[in-house]
Amino acid sequence: MSTWDWQVFCKDTIDGEIVPRCFGSAGDITYLDWLLSAWGWTLSVSLLALLVALLLGSIMGILRTAPHRGWVLLGNAWTELFRNIPLLVQIFLWYHVVPALIPPLRGVPSFLLVVLGLGLFTSARISEQVRAGIQSLTGGQRMAGLAMGFTLPQTYRYVLLPMAFRIVIPPLTSESMNIVKNSAVAFAVSISELTLFALQAQEETARGIEIYLAVTGLYFVSAFALNRVFHFVEQRVRVPGMIGGGT
Amino acid sequence: MLTLDFAFLTPQVLSSYVLKGFVFSLQLTAIAMLGGIALGTVLALMRLSSKPWLTLPAAAYVNTMRSIPLVMVILWFFLLIPLAIGRPLGAEMSAIITFTLFEAAYYSEIMRAGIQSIPRGQVAAGYALGMRYGQTMGLVVLPQAFRNMLPVLLTQTIILFQDTSLVYAIGAYDLLKGFEIAGKNFNRPVETYLVAAVLYFVISFSLSMLVRRLQQRIAIIR
Amino acid sequence: MAMIEMKNVGKWYGTFQVLTDCSTRVEKGEVIVVCGPSGSGKSTLIKCVNGLEPFQQGEVIINGISVGDPKTDLPKLRARVGMVFQHFELFPHMSITENLSIAQVKVLGRGKDEARERGLKLLDRVGLRAQADKFPGQLSGGQQQRVAIARALSMDPICMLFDEPTSALDPEMINEVLDVMVELAQEGMTMMVVTHEMGFARKVAHRVVFMDQGRIVEDDKKEAFFGSPRSERAQQFLSKILHH
């Protein structure tokens, strides 16, 4: 392993021959083709799970700040449940246990089960952030909204949430980067994403370092890209006159 | 609809399949926590020093570790350690080294925040009493930082305990693996995964309740 | 019929009683000042008026509508009761104009242009027309509080509640806010004002309510209260406030 061999990515995955221009043709694929498709799976799992997590996490976080005991309890229970079981175990539950217990779910592709598993796991963390964001606003804002004649949902919609979401963008940024990293556990249920590619291609080619470097680089690029997206959003919604806002 | 049957999980089965893995998971958690906090404190002090030849490598190490998925870190070390030491190393030993080095990056961020939370006047007071750097840190700053950060350090340890299940990637025999093998041998994977989930939940949840209580006590003492 | 009527209001936080048997009334066009030492329950009392704080005992009736009645449409009632808070509570993510029009549009159902017009007119009135497009964080405390008063007025309230409107302000900004309130009182607005500003009370209040430990200890005509408060607590309080 003393020298680099980046040509490994140009090899055909079946016969190991180096293919000119590195991309396979006519149904044959190279390791580069495989790597890119694995990256696609990683991105799809991550982004869809992020959607699920943002949606459910926000709802649960909001419920936990509501002035109704039952809702608070529901939000708390949800958060504790999905936060205190290891992600890998949750993925196994979705893949092995849930379809066995609920027969109609048997036909659901494992890709969607992983999206659900990763999404619900992350929703617990996002619910924490959203709750903290809402609670960081002074109680006076809620009262001011209600005193203007807003109903409780209107008070959340127009007064509390716009500020709370601005406050939680930084922690949500790191959660979104975490979701890309955490999507790696999908290898355990045979989703053909980057980590599974790394494991299998390493074994087939014995060029582990090159393969791992490429995969690690792609994880890094993906997380960084999400970071930039959130940063852009953060800039766009800055409030003049607030800390960090324009004047 | 499948009917659940947990009867096969007798004490004998549990002790012959699960116990070994459970012990390893706890060992891994404990070693990675102690080693990670020790190493993390060193990294934090390096990052907070004024010398670039200390801050830069520490920052690079911490940021690299934190931007790679843990599973990939586990795979990296499993690949690289044998190359470095010239002979193969068992999955369990590899996991212990990996987790210690990986968690150090996360603990160091916590310790750094903890050290920064101590007013500068405390350092000045230490120096004013004639203490050296090591004494000021060891006797004045770190004990306070450690106490302030105890709940966060423990919360990170709960996450660490959950993350130990990821040694699945290199086939180390941990708690989850123990349940998985029992499930395969008795052909009852649904039950074993369920019990594993409940066990992880009970441990993590009760620890996080303890941390919450501790947090309230610390808040009162302040 | 009184504009605001409180009958034997009692409130508990758990087992701790914060309001005991509080009764008072505010007639239409009347200005009453509520004062008392901190922790006496005056802020809690005024928040019971529009139901921001629930109470467990007694009755609050605004313009014939019972606040504590579970059948009452509280948002609809609150929309007609203006409230000004100690910490202004402007909505920081909205411009001043948006702060003034959002509830007009979403609660009263007014058109956007109409709401904006009305908002600008009220900004004029509190002398802040030039700040219309700024955000709350860009204004001084006194300016923010004047905007908050304009915001409450934009809903065409039948009465106004002020919860320590000047106590979070720097001293040099207090008067700009009090001037707006005095003007409002002189125009005949029904007002219930929790404040320590006894100058304001002397100038425009009709009655002064003094609270201590969750009870209404005095409820007098202004002249009587400043002339010779009956309770010792009120005397002590007044001498502290006035020397200060």
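Just above sits the structure.
Please read these numbers as outputs of a predicted model, since none were measured by experiment. (Residues numbered from 1 in each chain as written. Chains lettered and ligands numbered in written order. Predicted model: local features only at pLDDT ≥ 70, side-chain atom pairs only at ≥ 80, totals over all residues.)

> Is there a simple way to think about the overall build of chain C in this case?
Along chain C, the regular secondary structure elements total nine helices and ten strands. Over its C-alpha atoms chain C spans a radius of gyration of 18 Å, differing by no more than 12% from the 18 Å that the globule rule assigns to 244 residues. Judged by the C-alpha coordinates and their principal axes, chain C covers about 50 × 45 × 35 Å. Within the span of chain C, comprising 244 residues, buried residues form 46% of the whole. (Helix = DSSP H or I, 4+ residues; strand = E, 2+ residues; numbered from the N terminus. Rg over C-alpha atoms; globule rule 2.2 N^0.38 Å. Buried ≥ 20, exposed ≤ 12 C-beta atoms within 10 Å, placed from the backbone.)

> Please explain the interface of chain C and chain A as it appears in this structure.
If you look at the interface, chain C gives 22 residues, while chain A gives 23 residues. Of all the secondary structure elements, the ones that give two or more residues to the side of chain C that touches chain A are α2 (74-78) and α3 (96-106) of chain C. Among the residues making up the side of chain C that touches chain A, the classes are represented as 13 nonpolar, five polar and four charged. (Contact = placed C-beta atoms within 7 Å. Nonpolar A, V, L, I, M, F, W, Y, C, P; charged D, E, K, R; others polar.)

> Got a minute to help me understand the packing of helix α1 (residues 11-48) of chain B against helix α4 (residues 91-116) of chain B in this structure?
The geometry of a pair of packed helices is captured by two quantities: the angle between their axes and the separation between those axes. Residues and elements named next belong to chain B. Taken N-terminus to C-terminus, the directions of α1 and α4 make an angle of 45°; their axes are 5 Å apart at the nearest point. Here α4 runs oblique to α1, going by the angle between their axes. As α1 packs across α4, the resulting crossing turns out to be right-handed. Partitioned by chemical class, the residues of the contact of α1 with α4 number 16 nonpolar, six polar and four charged. (Axes fitted to C-alpha atoms, helices over the stretch in contact; angles between N-to-C directions. Parallel < 35°, antiparallel > 145°, perpendicular 65-115°, else oblique. Left-handed = near helix turned anticlockwise from the far one by under 90°.)

> So what exactly am I meant to see when it comes to the interface of chain B and chain A here?
Note on interface size: it is often stated as the accessible area lost on association of the parts. Counting residues at the interface gives 28 residues for chain B, matched by 28 residues for chain A. Taken together, the residues that form the side of chain B that touches chain A break down as 22 nonpolar, five polar and one charged.

> Where do I start with the environment of Ala201(A) in this structure?
Residue and element names in this part refer to chain A. Checked against the element boundaries, Ala201 lands in helix α7 (residues 194-205). A residue is classified by how many C-beta atoms lie within 10 Å of it, and Ala201, with 25 of them, is buried. Residues Ala201 and Tyr31, spaced 170 residues apart in sequence, show a C-alpha to C-alpha distance of 7.5 Å. The contact partners of Ala201, leaving out residues within four places of it in the chain, are Tyr31, Trp34 and Ile211.

> Is there a simple way to explain the environment of Phe88(C) in this structure?
Positionally, Phe88(C) belongs in the loop between β6 (81-84) and α3. For Phe88(C), the contacting residues outside a window of four places in its chain are Gln144(C), Gln145(C) and Ala148(C).

> I would appreciate a short explanation of the sheet that holds strand β5 (residues 65-66) of chain C in the present structure.
Through backbone hydrogen bonds, the strands of a sheet pair up, either in parallel or in antiparallel fashion. Residues and elements named next belong to chain C. The four strands are arranged β2-β1-β4-β5 in an open sheet whose pairing can be described as antiparallel. A strand with exactly one partner marks an edge of an open sheet, and here the two such strands are β2 (16-26) and β5. Both strand β4 (residues 57-62) and β5 contribute to a ladder of two bridges, which runs antiparallel. Paired with Ile61 across the two strands is Ser66, which belongs to β5. (Pairing = 2+ DSSP bridges.)

> Looking at this structure, how should I read the packing of α1(B) against helix α6 (residues 133-163) of chain B?
Residue and element names in this part refer to chain B. Remark: α1 packs on α6, axes separated minimally by 11 Å, with the N-to-C direction vectors making an angle of 135°. In this view, α1 runs oblique relative to α6, as classed from their interaxial angle. Our pair here, α1 against α6, has a crossing hand that is right-handed. Between α1, through Thr29, Ala32, Met33, Ile37, Thr41 and Leu45, and α6, the contact on the second element is made entirely by Met137, Leu142, Leu153, Thr157, Leu160 and Phe161. For the contact of α1 with α6, the residue count by class is nine nonpolar, three polar and no charged.

> Mind showing me how you'd approach the sheet that holds strand β9 (residues 207-212) of chain C here?
All names here are of chain C. Here we have six strands laid out as an open sheet, ordered β6-β7-β8-β3-β9-β10, and mixed in their pairing. In the strand order of this sheet, the two ends are held by β6 and β10 (215-221), each with one partner. Strand-to-strand twist across the sheet, computed as the mean angle between neighbouring axes with direction ignored, equals 15°. Bridge count between strand β3 (residues 31-35) and strand β8 (residues 191-194): four bridges; the pairing is parallel. Across the sheet, residue Val34 finds its bridge partner in β8, namely Val194.

> How should the pairing of β8(C) be read in this particular structure?
For a regular strand, the rule is simple: side chains alternate between the two faces of the sheet. Residues and elements named next belong to chain C. The alternating pattern of β8 places Met191 and Val193 on one face and Met192 and Val194 on the opposite face, and all of these are buried. Two elements, strand β7 (residues 159-163) and β8, share four bridges in a ladder whose sense is parallel. By the bridge assignment for β8, Leu161 is matched with Met192. Traced from β7 through helix α6 (residues 171-186) to β8, the parallel crossover comes out right-handed. (Right-handed = clockwise from strand over helix to strand, strands pointing away.)

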